[in-house]
Amino acid sequence: MIKHAVDVLSLYLISEPVIEFIRHNENITFRVTDNKSSKNYLLRIHKPITDGLTGIQHTLKGLRSEVQLLQKLNQKDIIQVQTPVANCFGEFVTEYYSDEFNRCYATLLEWIDGSVLSLNVDNIEDITFKLGQQLADLHIASYDYKLFGLDRPEYGIDSINHTLEELKYGVQDNVYSHSDYELIAKVLEVVKEQITALNAREQQWGIIHADIQPHNVVVSAGEPCLIDFCLSGYGYYLFDLGSASTVLNSEHRNTFLQGYASKTTFSYDDIRNIEGFIFMDIFISYAMFIRDSNRNGWVKEHIVKTVPLCRDFLEGKEVFYSFK
């Protein structure tokens, strides 16, 4: 892995790089330190660990659009995001060839110093409230600065239909039963109905992060910063609220929503819609790995906990939230 990083970095103005492998998931990522300037960077080689993670976000157009999004957010000082770094040729997306990968692309971003989100810190209430505000600022920017026309993934009814087709493979591979699949399909049909209703309302759809996990939130000087916009694209803002809520402890979810509501219009009547999008997010994650027999074992374990929640949701019960 390090050899690929060395080859890519030879195309950047980093004189004495020290390279540390981070992980391989939707990208191969490295922390890079320039010994001469002491600056830190994130290097991403856009080669997913499994084919299910591949999408428009890994194409040249998709990556250029991600760069444009990050540059626009930085330029308008909307939220703090990682700044893209150009290579020696002035390009922000580097085309890379190797015997192992053939052709793929790489991007370099400035590093944001801080620690990944931890739910055990003393000021978690403050951080959670601010995370809600950060997400609201991102969604507001989507409309205010017309962040449309980018080549990015879309998270709507078409993605649900694709997910349902992919998840059929889980039955074939004995990851879950046919009755489990039918339950998933019923839940996603409800989500489709919710989406149809949302389409009649204004300003529900735009740029979303789409992958809010603890390791994608860095707390820097007490402020939560969203990183890793690899899966970002167009979707319903409530999808992001669902994705973010599930990484928080139940007692902090209301605080998160209060932070969001402090910046933009939000109604607690949308809780059921958010819960529908949480299921959509879960099942899209299943679909990304379901065809990879070496990596879909977690789905088999996870669905045991998910099936009872699906039944409760279909009965109209509140599943992930409980506000008194």
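Okay, so let's go over this structure. (Residues numbered from 1 in each chain as written. Predicted model: local features only at pLDDT ≥ 70, side-chain atom pairs only at ≥ 80, totals over all residues. Heavy atoms only, no water.)

Section: the overall build of the chain
What the chain contains, in helices and strands, is nine helices and 12 strands. Expected size for 324 residues packed as a compact globule is a radius of gyration near 20 Å; at 20 Å, the chain falls within 12% of this value. Counting only C-alpha atoms, the chain reaches 60 × 45 × 40 Å along its principal axes. Expressed as a percentage of its 324 residues, the buried residues of the chain come to 53%. Look at the contacts in the chain between residues 6 or more apart in sequence, and 71% of them connect residues 24 or more apart. (Helix = DSSP H or I, 4+ residues; strand = E, 2+ residues; numbered from the N terminus. Rg over C-alpha atoms; globule rule 2.2 N^0.38 Å. Buried < 20%, exposed > 50% of the residue type's maximum accessible area, 1.4 Å probe, protein only. Contact = heavy atoms within 4.5 Å.)

Notes on the environment of N87
Mapped onto the elements, N87 comes out in the loop between strand 4 (84-85) and strand 5 (94-98). Given a relative accessible area of 8%, N87 falls into the buried group. Separated by 73 residues in the primary sequence, N87 and I14 have C-alpha atoms spaced 9.5 Å apart. Ignoring sequence-local partners within four residues, the contact set of N87 consists of L11, Y12, V93 and T94.

Observations regarding the sheet that holds strand 10 (residues 217-220)
Strand order in the open sheet formed by three strands is 7-10-11, and the pairing between neighbours is antiparallel. Pairing within the sheet leaves two strands with one partner each, and these edge strands are strand 7 (115-116) and strand 11 (223-226). Relative to strand 10, strand 7 is paired through two bridges, and the arrangement is antiparallel. Paired with S115 across the strands is V219, a residue of strand 10. (Pairing = 2+ DSSP bridges.)

Brief notes about helix 1 (residues 2-9)
Note on helix geometry: an α-helix contains 3.6 residues per turn, so any two residues three or four positions apart are oriented the same way. What helix 1 keeps buried is the set H4, A5, V8 and L9. Projected down its long axis, helix 1 shows its buried positions confined to an angular sector of 130 degrees, all on one face. Packed against the buried residues of helix 1 are strand 1 (17-24), strand 2 (28-34), strand 3 (40-45), strand 5 and strand 6 (102-110). (Arc of directions from axis to C-beta.)

Description of the pattern of salt bridges
Counted by the stated rule, this structure contains 16 salt bridges. Across the salt bridge formed by E95 and R103, the nearest N and O atoms sit 3.3 Å from each other. Classification of E95 as partly exposed rests on a relative accessible area of 35%. (Salt bridge = Lys/Arg side-chain N within 4 Å of Asp/Glu carboxyl O.)

Some details on the side chain of H46
Within the element layout of this structure, H46 appears in the loop between strand 3 and helix 2 (60-75). Judged by its relative accessible area of 3%, H46 is buried. For H46, the side chain forms a polar contact with the side chain of N27, separated by 2.9 Å. Of the polar contacts made by the side chain of H46, one reaches the side chain of T107; its length is 2.7 Å. Contact partners of H46, with chain neighbours within four places excluded, come to N27, H58, L63, C104, Y105, A106 and T107. (Polar contact = N/O pair within 3.5 Å; in protein donor to acceptor, adjacent residues only side chain to side chain.)

Quick look at the packing of helix 4 (residues 157-172) against helix 5 (residues 178-198)
Two elements in contact, helix 4 and helix 5, have axes whose closest approach is 10 Å; the angle formed by their N-to-C orientations is 180 degrees. On the basis of their axis angle, the class for helix 4 and helix 5 is roughly antiparallel. Residues I157, I160, N161, T163, L164, L167, K168 and V171 of helix 4 touch helix 5, and the partners they reach there are H178, Y181, I184, A185, L188, E189, V191, K192, I195 and T196. Class assignment for the residues of the contact of helix 4 with helix 5 results in 11 nonpolar, four polar and three charged. (Axes fitted to C-alpha atoms, helices over the stretch in contact; angles between N-to-C directions. Parallel < 35°, antiparallel > 145°, perpendicular 65-115°, else oblique. Nonpolar A, V, L, I, M, F, W, Y, C, P; charged D, E, K, R; others polar.)

Remarks on the sheet that holds strand 8 (residues 154-155)
Whenever strands of a sheet pair, they do so through backbone hydrogen bonds, lying parallel or antiparallel. Strand order in this open sheet of three strands is 8-12-9, and the pairing throughout is mixed. Looking along the sheet, the strands with just one partner apiece sit at the ends: strand 8 and strand 9 (205-208). When strand 9 meets strand 12 (residues 233-236), the two strands line up antiparallel, connected through four bridges. Looking across to strand 12, one finds that I208 is bridged to G233.

What about the pairing of strand 3?
With six of its six residues buried, strand 3 lies for the most part within the structure. Of the two faces of strand 3, the one lined by N40, L42 and R44 and the one lined by Y41, L43 and I45 are each fully buried. Taken together, strand 2 and the strand that follows it, strand 3, pair antiparallel across an intervening segment of five residues, in which S38 is found at a positive phi of about 65 degrees. Summarising the sheet, strand 3 and strand 6 pair through five bridges and their orientation is antiparallel. Pairing of R44 across the sheet is with T107, part of strand 6.

Let's talk about unusual backbone geometry
The backbone of N174 sits at a positive phi, close to 60 degrees, despite the residue not being glycine. Along the polypeptide, N174 turns up in the loop between helix 4 and helix 5. The phi dihedral of A210 falls on the positive side, at around 75 degrees, and the residue is not glycine. One can find A210 in the loop between strand 9 and strand 10.

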